[in-house]
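Chain and residue survey
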Amino acid sequence: MDVVNQLQRQFIDYSASLHREGFLDDQFTQLQKLQDDNSPDFVVEVASLFFEDCEKLINNMARALEQQQGVDFKQVDASVHQLKGSSSSIGAMRVKDVCIAFRSFCEAQNREGCLRCLQQVTHEYSLLKNKLQTLFRLQQQILAAGGSIPVVE
Amino acid sequence: METEDQTLVQDCLTENLDPAPIKDEYAPVIFSQETVSHIVSIDMMSGQQDLENILRARATGKGVLTSPFKLLKSNHLGVVLTFAVYNKDLPPDAIPEQRTEATVGYLGASYDVPSLVEKLLHQLASKQTIVVNVYDTTNASAPISMYGTDITDTGLLHVSSLDFGDPLRKHEMHCRFKQKPPLPWMAINASVGVLVITLLVGHIFHAAICRIAKVENDCREMMELKARAEAADVAKSQFLATVSHEIRTPMNGVLGMLKMLMDTDLDAIQRDYAETAHASGKDLISLINEVLDQAKIESGRLELEDVPFDLRNLLDSILSLSSDKSNDKGIESAVYVSDRVPEVVVGDPGRFRQIITNLVGNSIKFTQDKGHIFVSVHLVDEMKGTSDVGDKVLQQGLNLVQDMSSKTYNTLSGFPVVDRWRSWENFKMLNGKDAKDDPEKIRLLVTVEDTGVGIRLDAQDQIFTPFVQADSSTSRHYGGTGIGLSISKHLVELMHGEIGFASEPGVGSTFSFTGAFGKGEVSSLDSKWKQYDPVVSEFQGLGALIIDNRSIRAEVTKYHLRRLGISVDITSSLESACTYVSSIFTTSAFAHLAMILIDKDVWNQETVLQLRSLLEQHRKNCKLNVSTNLPKIFLLGTSMSPVERSKLKTSGFVDNVLMKPLRLSVLIACFQEALGRTKGKVRGKKMSTLGSLLREKRILVVDDNKVNRRVAEGALKKYGAIVTCVERGHDALNKLKPPHTFDACFMDLQMPEMDGFEATRQIRSAESEVNEKLASGEVSIEMYGNVSHWHIPILAMTADVIQATYEKCLKCGMDDYVSKPFEEEQLYLAVARFFESGL
């Protein structure tokens, strides 16, 4: 029992820290609420979709920006737009913020800026991925120990 | 006929007379009166004067007078009157020679002027001596004095003319007083007196008139001042009304905002705070209204209401209104109502509240940073007569006991207080002197006890006097105007009660008052008072354990819990609590034990953990189901910062922290949350309604982004909708070609190949085509699922909600938009349009 409590406390603290540091926002909490007995793995599912999507888009953007003979900023912009959309759907706040900056660079057709943003996006994405994986691992541990995942307000 | 003649002025002694010289004519005196017999045989013509006289007399035939000369014998000044005697009647116009011719003799008389005067005037003289001067004034410029002494001018002179019969001669008599007439004192006095009297009378009149004028003036002034005072009073009332109105307006703004806040997503405790703020704001507005009522009190036109109200709720709200101030100061506040006081009484709750608020406010003001404010309500009957008092709080209140070891008293906070019975020892009601004891009335005794600075002994007489405070520095230090107590006294008296106090400087003050209230029925309560009825029963039968080292404080907590129907046990320390808990493990009491309330004073982290583990150990030992709830642990605290509170909460040591003064509403909310009666956030009505709107509806979600699709699907499924997802505009076209069974479509705007606008346009054109055909009868309605008019609600999903986009959406046939990701309120509003109308 103690173990469960400890894990739960850890989960709460970790969740709180993710929120505090801006990795996740309220939308993520909303997603967690959508998870119930009918869709017990909803959050994990959405997160995995997000990671896939992210990787694809980042690759697209990298490729587009590498083009030596003129960057197709429209294409980059489209990808960024996609990324922004999905990150806001999942509540990945930091990623979304970078995307917003990214878009303005695209509009200004600033290659340097875009490359910098791309770097940032990649960085944020990998950070978030790690964090979420830790979170999900904790969740599994709790479930395995027989506890229930506490709802964080 | 006798003639008398006198001789010359100078010397007239008869003996010394010489015989007359030889002359042509002689006029000797032949006959004379006795008195002048000495002049017989004297020739009257021998004197010059006489001669002239005789000659003139004989010439004129009239009486002639000499000028004054000294008479012979007496030597007085006198005059002689001579008449000529004729021997025949002469006509009036006869010439002097004729007359002389006819003269045979002469008649003469001498006037002895002095004796004449004296004899005549003798009768006239008044007391004052009259000085008479007689003059011969024939020669006006040289009057000859015939009689009289030298003139002394004494003022008043009366001149009268004397007529001796000779027209030739004139004589005058001057009369004057010998002495100056003395001042006519009588007259003077009289006239002065009269003058004075007149003056006085005049003065009196004058003074009277002046006074009248002054009084009239004053009266006018007073009328003016009175009018001004009345105007000032009116102005004051108007000012009060205006200012109050001015205050009311922003207050209403505050209340409006609070109402809007309450309509948003709040958890149970936040909702309670917002509701309390709202209630406080409403109380403030009613207080402003009460300020306007002060005018009524001052003019004696105040009347009390007669409505039923719940005493306990009222006291809760009064204390919560002032709890910020008392908590900030570190003062503990609590309210206790005896069991014997009925639930509902009939009276004026507003005025009752006003009195208690005033007393509590004073207590807070004058209590610095330690101790407590304790409001307790009992029936007057509980004090009277019976020596054994049933109520524990009352028992302890009447017997102040000091614990020697810890130097604390058995009061709420441990600090000493004045003996409360001293505050009501003079009440007639309690001494049984009150003759009319109406059995229909409920007599309550309310006591407000504090551990403040107390009232100075020499100021104690005056504290109910309006505008007088304990001393001049009170207003400076503590603020206030000093009317509160006098108004409270007036109100208490209107309630047929009495108010009194006992106070000791340095210890504290205890105020008590009584009042008569009517009996009331629970059902007669206004809805405003009946908030908690249905909820109360849900805690019925539960058990609680209170751990508190101050017994009065524990009783207060017990009172609150008993109101919810929870049965309560009290222990005074954590250790004894552990013992107690262990002892009841095997009994049903443990099964009912739903909560343990620990006061901050006895809080000890380690011991609490011990208690917790004890409970959990027990659960494991009994192999109870994991889901069996352990008793919830609550911490009761007075002044704690929110940080401290949340730390304690998240630490997991306690399930919640309850702030004092305890309020029923907070307790209910906390218990509900802790015992899991409601699910987390109280969403208001929105969630359930959205669910009812979307349940079983078939919704198409169009978005090229996998993540977005999944999230939108999940969100909509939560409300019970049946969701289909497609990736491309083209797929949407296909799906939404009539006939189809979709009820709504959520369309992403930015998609590659065909974006949302284009897709919608094409869907609409397809729909209108079909509609035309149906209208013209070209195709039968059965082919199209018996729907005569096709228009599926299409809502755009966009993160970009600018006006231009919205207009564009509308232009191409969309019905509305929602933001991405979904926001519940907006979603509800958008969807409600279509589904409420029963599409």
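Only a predicted model underlies this, so the values are computations on that prediction, with no experimental measurement involved.

**Some remarks on the overall build of chain B**
Counting its regular elements, chain B contains 25 helices and 27 strands. The 839 residues of chain B split such that 45% are buried. Put simply, of all contacts in chain B between residues at least 6 apart along the chain, 70% involve residues at least 24 apart. Of the roughly 44,000 Å² of accessible surface on chain B, 56% is carried by carbon and sulfur atoms.

**Let's talk about the overall build of chain A**
A tally of regular secondary structure across chain A gives six helices and zero strands. Its helices and strands in sequence order give chain A the pattern α-α-α-α-α-α, from N to C terminus. Here chain A, with 153 residues, has 46% of them falling under the buried criterion. Long-range contacts, defined as pairs at least 24 residues apart, comprise 66% of the intrachain contacts of chain A with a sequence gap of at least 6. Total accessible area on chain A stands at roughly 7,900 Å², and carbon and sulfur atoms take up 48% of it.

**Topic: unusual backbone geometry**
When glycine is set aside, most residues are seen to have a negative phi, and most peptide bonds are trans. Going from Lys 660 of chain B to Pro 661 of chain B, the amide bond is cis rather than trans, its omega being 5°. Summarising the element assignment, Pro 661 of chain B is placed in the loop between β22 (656-659) and α19 (664-674). Here the residue pair Pro 738 of chain B and Pro 739 of chain B is connected by a cis peptide bond, since its omega of 0° sits within 30 degrees of zero. Non-glycine residue Gln 109 of chain A carries a positive phi angle of around 55°. One non-glycine residue, Glu 753 of chain B, adopts positive backbone phi at about 70°. By secondary structure assignment, the location of Glu 753 of chain B is in the loop between β25 (744-748) and α23 (756-776). On the basis of relative accessibility, which here comes to 64%, the residue Glu 753 of chain B falls in the exposed class.

**Focus: the pairing of strand β16 (residues 499-504) of chain B**
All names here are of chain B. Where burial is concerned, most of β16 is hidden: five out of the six residues are buried. In this structure, β16 lies alongside strand β17 (residues 508-519), joined through six bridges in antiparallel fashion. Counted as the bridge partner of Ala 502 is Thr 510 from β17. Hairpin connection, β16 to β17: the antiparallel pair is bridged by three residues, and Gly 506 has positive phi, about 90°.

**Notes on helix α1 (residues 48-60) of chain B**
Residues and elements named next belong to chain B. Over its 13 residues, α1 extends 18 Å from the first C-alpha to the last, a length consistent with the 18 Å expected when each residue adds 1.5 Å. Taken residue by residue, α1 has Asp 50, Asn 53, Ile 54, Ala 57 and Arg 58 as its buried positions. Here the buried residues of α1 occupy an arc of 120° about the axis, which is enough to place them on one side. Close packing links the buried residues of α1 with β1 (64-65), β2 (69-70), β3 (77-86), α2 (96-102) and β4 (103-112). At the exit of α1 stands Gly 61, carrying a positive phi of roughly 75°.

**Considering the UniProt feature "modified residue: 4-aspartylphosphate" (unreviewed entry) in chain B**
Residue and element names in this part refer to chain B. Under the feature "modified residue: 4-aspartylphosphate" (unreviewed entry), the UniProt entry names Asp 599 and Asp 748. With respect to the helices and strands, the residue Asp 599 is situated in strand β20 (residues 593-599). Look at Asp 599 and you get buried, because its relative accessible area is 3%. Residues contacting Asp 599, with those up to four places away along its chain left out, are Ile 547, Asp 548, Arg 553, Leu 635, Leu 636 and Lys 660. Locating Asp 748 in the fold gives a position in strand β25. Residue contacts for Asp 748: discarding those within four places in its chain leaves Val 702, Asp 703, Asp 704, Gly 756, Met 797 and Lys 820.

**Some remarks on a nonpolar patch on the surface**
There is a patch of nonpolar side chains on the surface, built from Ile 197, Val 201, Phe 205 and Ile 209 of chain B and spanning about 410 Å² of accessible area. With respect to the element layout, Ile 209 of chain B can be found in helix α4 (residues 185-262).

**Quick notes on the interface of chain A and chain B**
Listed as interface residues are 23 residues of chain A and, on the opposing side, 19 residues of chain B. Contact between chain A and chain B buries roughly 2,000 Å² in total, counting both sides, with carbon and sulfur atoms accounting for 55%. Counting across the interface, chain A meets chain B through two salt bridges. For Arg 710 of chain B, the salt bridge goes to Glu 45 of chain A, with nearest N and O atoms at 2.3 Å.

**A closer look at helix α7 (residues 349-366) of chain B**
Residues and elements named next belong to chain B. For α7, spanning 18 residues, the distance from its first C-alpha to its last is 25 Å, which sits close to the expected 26 Å at 1.5 Å a residue. Counting buried residues in α7 gives 13 out of 18 residues, a clear majority hidden from the surface. With a side-chain oxygen lying 3.1 Å from the backbone nitrogen of Gly 350, the N-terminal cap of α7 falls on Asp 348.

**Here we look at the environment of Ile 149 of chain A**
Residue and element names in this part refer to chain A. Examined against the element boundaries, Ile 149 turns out to sit in the segment after α6 (111-144). Once the C-alpha coordinates of Ile 149 and Val 4 are considered, the two residues, 145 residues apart in sequence, prove to be 9.7 Å apart. Residues in contact with Ile 149, not counting those within four places in the same chain, are Phe 11, Gln 139, Ile 142 and Leu 143.

**Regarding the packing of aromatic side chains**
Per the stated rule, a full pass over the model turns up 10 aromatic pairs over all chains. On the numbers, 6.0 Å between centres and 65° between planes, the contact of Phe 352 of chain B with Phe 513 of chain B is edge-to-face. Of this pair, Phe 352 of chain B sits in helix α7 while Phe 513 of chain B sits in strand β17, and the two are 161 residues apart along the sequence. Taking the relative accessible area as the measure of exposure, Phe 513 of chain B reaches 1% and is therefore buried. Grouping aromatic residues by their ring pairs yields a cluster made of Phe 309, Phe 352, Phe 513 and Phe 517 of chain B. Over the aromatic face of Phe 51 of chain A sits the side chain of Lys 129 of chain A, whose NZ or CZ is 5.8 Å from the ring centroid. Its guanidinium or amino end placed over the ring of Phe 757 of chain B, Lys 808 of chain B lies 4.4 Å from that ring's centre, counting from NZ or CZ.

**With respect to the nonpolar core**
Judged by nonpolar contacts, the single largest core of 69 residues is most densely connected at Met 61, Val 76 and Phe 102 of chain A together with Leu 716, Phe 746 and Phe 822 of chain B. Here this core gets 13 residues from one element, more than from any other, and that element is helix α3 (residues 42-66) of chain A. Non-local contacts of Phe 822 of chain B, meaning those with residues more than four positions away in its chain, are made with Gln 27 of chain A together with Ala 712, Ala 715, Leu 716, Phe 746, Met 797 and Leu 827 of chain B. Ile 331, Val 335, Val 360 and Ile 552 of chain B belong to the second-largest nonpolar core, a separate cluster that totals 47 residues.

**Notes on the sheet that holds strand β8 (residues 171-177) of chain B**
All names here are of chain B. Spatially, β6-β5-β8-β7 is the arrangement adopted by the four strands of the open sheet, whose pairing is antiparallel. Of all the strands in the sheet, the pair left with one neighbour each is β6 (144-147) and β7 (157-162). Across this sheet, the average inter-strand angle for adjacent strands is 30°, counted without regard to direction.

**As for the side chain of Asp 599 of chain B**
At 3.3 Å, the side chain of Asp 599 of chain B forms a polar contact with the side chain of Arg 553 of chain B. Of the polar contacts made by the side chain of Asp 599 of chain B, one reaches the side chain of Lys 660 of chain B; its length is 2.8 Å.

**Digging into the UniProt feature "modified residue: Phosphohistidine" (unreviewed entry) in chain A**
Listed under "modified residue: Phosphohistidine" (unreviewed entry) in the UniProt record, and renumbered for this structure, are His 81 of chain A. Note on placement: His 81 of chain A falls in helix α4 (residues 73-90). Taking the relative accessible area as the measure of exposure, His 81 of chain A reaches 21% and is therefore partly exposed. Apart from the residues lying within four places of it in its own chain, the contact partners of His 81 of chain A are Arg 103 of chain A together with Gln 750 of chain B.

**What about the sheet that holds β22 of chain B?**
Residues and elements named next belong to chain B. Read from one edge to the other, the open sheet built from five strands follows the order β19-β18-β20-β21-β22, with strand pairing classed as parallel. Strands at the two margins of the open sheet, each flanked by one partner only, are β19 (567-571) and β22. Each strand axis lies, on average, 25° off the axis of its neighbour in the sheet, ignoring direction. The sheet contact formed by strand β18 (residues 543-547) and β20 spans five bridges and is parallel. The partner of Leu 545 across the bridge, within β20, is Ile 596. Contacts from helix α15 (residues 574-583) reach β18, β19 and β20 within the one sheet, and its direction differs from that of β18 by about 150°. The sheet strands contacting α19 are β20, β21 (632-637) and β22, and the helix crosses β22 at an angle near 175°.

**Looking at the packing of α7 of chain B against helix α12 (residues 484-494) of chain B**
All names here are of chain B. Following both chains from N to C, one finds α7 and α12 inclined at 145°, their axes separated by 10 Å at the closest point. Where α7 crosses over α12, the handedness of that crossing is left-handed. Counting all contacts with α7, which are made through Arg 351, Gln 354, Ile 355, Asn 358, Leu 359 and Asn 362, the residues of α12 involved are Gly 484, Leu 485, Ile 487, Ser 488, Leu 491 and Val 492.

What counts as what
Residues numbered from 1 in each chain as written. Chains lettered and ligands numbered in written order. Predicted model: local features only at pLDDT ≥ 70, side-chain atom pairs only at ≥ 80, totals over all residues. Heavy atoms only, no water. Helix = DSSP H or I, 4+ residues; strand = E, 2+ residues; numbered from the N terminus. Buried < 20%, exposed > 50% of the residue type's maximum accessible area, 1.4 Å probe, protein only. Contact = heavy atoms within 4.5 Å. Areas by Shrake-Rupley, 256 points an atom, 1.4 Å probe, with all protein chains shown as cover. Pairing = 2+ DSSP bridges. Expected span 1.5 Å × (residues − 1). Arc of directions from axis to C-beta. UniProt positions renumbered as here; feature names shortened; annotations may be inferred. Patch = residues over 30% accessible without salt bridge, like charges linked within 9 Å, V, L, I, M, F, W, Y side chains within 5 Å. Salt bridge = Lys/Arg side-chain N within 4 Å of Asp/Glu carboxyl O. Buried area = accessible area lost by both parts, 1.4 Å probe. Polar contact = N/O pair within 3.5 Å; in protein donor to acceptor, adjacent residues only side chain to side chain. Phe/Tyr/Trp six-rings, centres within 6.5 Å; stacked < 30°, edge-to-face > 60°. Lys NZ or Arg CZ within 6 Å of the ring centre and 35° of its normal. Core = buried A, V, L, I, M, F, W, Y, C linked by side-chain atoms within 4.5 Å. Axes fitted to C-alpha atoms, helices over the stretch in contact; angles between N-to-C directions. Left-handed = near helix turned anticlockwise from the far one by under 90°.

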